[in-house]
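# Analysis of the macromolecular model
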Amino acid sequence: GEELVVVTFAHWEEGFVVAPGNPKGIAKVEDLARRGVSFINREPGAGSRALLDKLAAAAGLGPERIHGYERIAQGHLAAAFAVCEGSADACLATRSAARAFALDFVPLHGARYDFVMRKETADLPLVQSFLDVLQRASLRRKLEAMAGYDTTSTGARLAA
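Let us look at the structure shown here. Because the structure is predicted, anything quoted here is derived from the model rather than measured.

### Some details on the environment of arginine 140
Locating arginine 140 in the fold gives a position in helix α6 (residues 137–147). Judged by its relative accessible area of 18%, arginine 140 falls in the buried class. Within the local environment of arginine 140, its side chain forms a polar contact with the backbone oxygen of threonine 154, the two atoms lying 2.4 Å apart.

Rendered as structure tokens:
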């Protein structure tokens, strides 16, 4: 029964990062089990690895069938770089990581992150200052570069 304010923080999109033109035709997790397709994984505990494990399990695909499952890259950019240099055909990373190396992206999963607060909280001067920071282009650039977020809607107020 309370009045709430919803403010978008950012969007996050993960998928396969592949060479330009997607020469191996990688579109779904089952494609990682094909002969001649190499993958580079993320470290245990990374969200990308959890997503891969979830998709693979749903497809009945064990880790031993994914060539490169045991190869680890620390972070989205490191994984995308492996694709860029040709040591892997695919990785699971963000769209911004693919863009950083002029690679193609096959979307698999997206999420929107929001701040939700009571209206009276949103009206506090300190919170207003915080919300103003969300509008800064410098913050948006950092979020995109460092974390791979899509900040197109950052700071937008949504109906609660």
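Here the narrative resumes, following the displayed structure.
### Quick word on helix α2 (residues 76–84)
Structurally, the α-helix is built with 3.6 residues per turn, so residues lying three or four positions apart point the same way. Every buried residue of α2 is listed here: His76, Ala79, Ala80, Ala82 and Val83. On an axial view of α2, the arc spanned by its buried residues comes to 150°, and they lie on one face. Packing partners of the buried residues in α2 comprise β1 (4–18), β2 (39–42), α1 (47–58), β3 (72–73), β4 (90–94) and α3 (95–100).

### What about the pattern of salt bridges?
According to the stated counting rule, one finds eight salt bridges in the structure shown. Note that lysine 28 is salt-bridged to aspartate 31, the shortest N-O span being 3.7 Å. Overall, the relative accessible area of 44% leaves lysine 28 in the partly exposed class. A residue is classified by how much of its surface remains accessible, and aspartate 31, at 7% relative accessible area, is buried. Arginine 112 is paired through a salt bridge with aspartate 114; the nearest N and O atoms lie 2.7 Å apart. Judged by its relative accessible area of 28%, aspartate 114 is partly exposed. Taken together, the shared-partner salt bridges connect Lys28, Asp31 and Arg34 into one network.

About the criteria used
Residues numbered from 1 in each chain as written. Predicted model: local features only at pLDDT ≥ 70, side-chain atom pairs only at ≥ 80, totals over all residues. Heavy atoms only, no water. Helix = DSSP H or I, 4+ residues; strand = E, 2+ residues; numbered from the N terminus. Buried < 20%, exposed > 50% of the residue type's maximum accessible area, 1.4 Å probe, protein only. Polar contact = N/O pair within 3.5 Å; in protein donor to acceptor, adjacent residues only side chain to side chain. Arc of directions from axis to C-beta. Contact = heavy atoms within 4.5 Å. Salt bridge = Lys/Arg side-chain N within 4 Å of Asp/Glu carboxyl O.

Take it as geometry only, folks, not as evidence of what the structure does.
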